Amino acid sequence: MSILVLGGAGYIGSHTVYELIDNGYNVVVADNMSTGHKEAVHSSAKLYIGDIRKEEFIENIFENESIDAVIHFAAFSVVSESMEEPLKYYNNNVYGTMVLLQSMEKHNVKNIVFSSTAAAYGEPQKVPISENDKTEPTNTYGQTKLSIEKMMKWQSLAKGLKFVALRYFNACGAHISANIGEDHSPETHLIPIILQVPNKKREFITIFGNDYNTPDGTCIRDYIHVTDLAKAHILAVKYLLNGGKSDIFNLGNGIGFSVKEVINAAEKVTGFEIPKVIGKRRLGDPAKLVASSQKAKDILGWKPEFKDIDSIIQTAWQWHKNHPNGY
C-alpha cells in the first residue's frame, strides 16, 4: 500500500509520514522545500523535490509510483501573509490542488485526504464548532482551503473522486522521539514562541489582549497534538479505502486552554519563569475557538491521546531544547 504525502517535509506532514511508516505503509513524499526540511523526512520514505503546480512534476510521480491514496498538506499557511499576498495563496494552494486533481483523475487515483483548517469557519457563531456550522473565512488562507474543499466536492460529483477534508485547530507538540518537531521561519504559533524564552531566543512573550470575555481575559484555543493529527489522517485513508463516502471532519481536543494557561503550563514543564507583556488585541482574533470532534470519533474511530496541555508542551520542549535553532 503506497501513500503519496504532499508537503511531507513540513511540520504535520513529516509527523504523518512517521506514523504511516510505523503502520507498515510505503510512503512517497513530494515537497518543494519552500517551508519543509529534508531532515524531517523519514529515511524510509522516497522523496521527490518539486512543485505540484508543475504538471510534469506531479505526472512523473504518478507514472513512476503505484499510488493508492494521496494525503495533501502542500500549502502556504501564514494568515498574515495571506492577507498581504492573496494571489500568492490562490496560486499555490488552489491552483496547485487543481493540477494535482487533474493528474489524479488521469491516473485513476480516487482517494485523497486533505489538510483543511478551522479557519474555514471564520468567526464562530457558537462553541464548540461543528462541521455543519457556517463557513465564512475572515482571511485569504482560510478561504483558499474552503475553495479547495468545494473543488474536491464538485470533482467528486463529476468524476468519482473520494475525499476527506480534515479541519483542524491548533496543531502543536512534537514526535515523542524528539527526532522531528516544529520549525517555521518566521514562527507564528504560540507554543514554540513561548518556548523561545527558556531557550534564550527571546526575552518575553507578548499576550495580545487580556480583556476578552473569558475567565482570565485571554483568548482560548483548542490545542491538538501533531501525532494525534497524523493518526487521524491514517484513519481517514483507511476509511476511504474501505468504501467510506466523501466527508468533512473537525479535529480538536474539544478542550480550550487560554493563552495564560498555556504560558503557565510551559513554566511548569520547563522550570523557567516566562516574562509576559500585555499587547493590543490582534484584529480578527475571536475570544474562543474550540472544536467538536465527535463526528471524527464516531465515524473514523479517532481517539486523541494527548489531552492535557502539560504533556503536549513536554513533547514540544524536548524537541526545541534539543534543536534550539531548528533543523
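Everything here concerns the structure above.
Residues numbered from 1 in each chain as written. Predicted model: local features only at pLDDT ≥ 70, side-chain atom pairs only at ≥ 80, totals over all residues. Heavy atoms only, no water.

Draft legend 1. Molecular detail of the pattern of salt bridges. Evaluated as defined, the whole model comprises 15 salt bridges. K46 is the partner of E65 in a salt bridge, and the nearest nitrogen-oxygen pair spans 2.7 Å. Of the two residues, E65 sits in the loop between α2 (55-64) and β4 (69-72) while K46 sits in strand β3 (residues 46-49), which places them 19 residues apart along the sequence. Members of the salt-bridge network, linked through shared partners, are R221, R282 and D285. (Salt bridge = Lys/Arg side-chain N within 4 Å of Asp/Glu carboxyl O. Helix = DSSP H or I, 4+ residues; strand = E, 2+ residues; numbered from the N terminus.)

Draft legend 2. Representation of the environment of F163. Following the sequence through the fold, F163 ends up in strand β6 (residues 162-168). With relative accessibility at 6%, the residue F163 sits in the buried group. Expressed as a C-alpha distance, the spacing of F163 and V113, which sit 50 residues apart in the sequence, is 5.6 Å. In this structure, F163 is in contact with I112, E149, M152, K153, S156, L240, K245, S246, D247 and I248, ignoring residues within four places of it in sequence. (Buried < 20%, exposed > 50% of the residue type's maximum accessible area, 1.4 Å probe, protein only. Contact = heavy atoms within 4.5 Å.)

Draft legend 3. Geometry of helix α7 (residues 226-241). Here α7 contains 16 residues, and its C-alpha end-to-end distance of 23 Å stays within 8% of the 22 Å for a straight helix at 1.5 Å per residue. For α7, the buried fraction is high: 12 of the 16 residues fall into the buried class. If you check which residues of α7 are buried, you get V226, T227, D228, L229, A230, A232, H233, I234, A236, V237, Y239 and L240. Note on α7: the residue one or two positions beyond its end, G243, has a positive phi of about 95°. (Expected span 1.5 Å × (residues − 1).)

Draft legend 4. Structural view of the packing of helix α4 (residues 86-106) against helix α5 (residues 140-159). Packing of α4 against α5 leaves a shortest axis separation of 9 Å and a crossing angle of 20°. One way to sum up the angle between α4 and α5 is to call them roughly parallel. Here the hand of the crossing between α4 and α5 comes out right-handed. Between α4 and α5, the residues in contact are P86, Y89, Y90, N93, V94, T97, M98, L101 and E105 and T140, Y141, Q143, T144, S147, I148, M151, M152, Q155 and K159, respectively. Its residues assigned to classes, the contact of α4 with α5 shows 10 nonpolar, 7 polar and 2 charged. (Axes fitted to C-alpha atoms, helices over the stretch in contact; angles between N-to-C directions. Parallel < 35°, antiparallel > 145°, perpendicular 65-115°, else oblique. Left-handed = near helix turned anticlockwise from the far one by under 90°. Nonpolar A, V, L, I, M, F, W, Y, C, P; charged D, E, K, R; others polar.)

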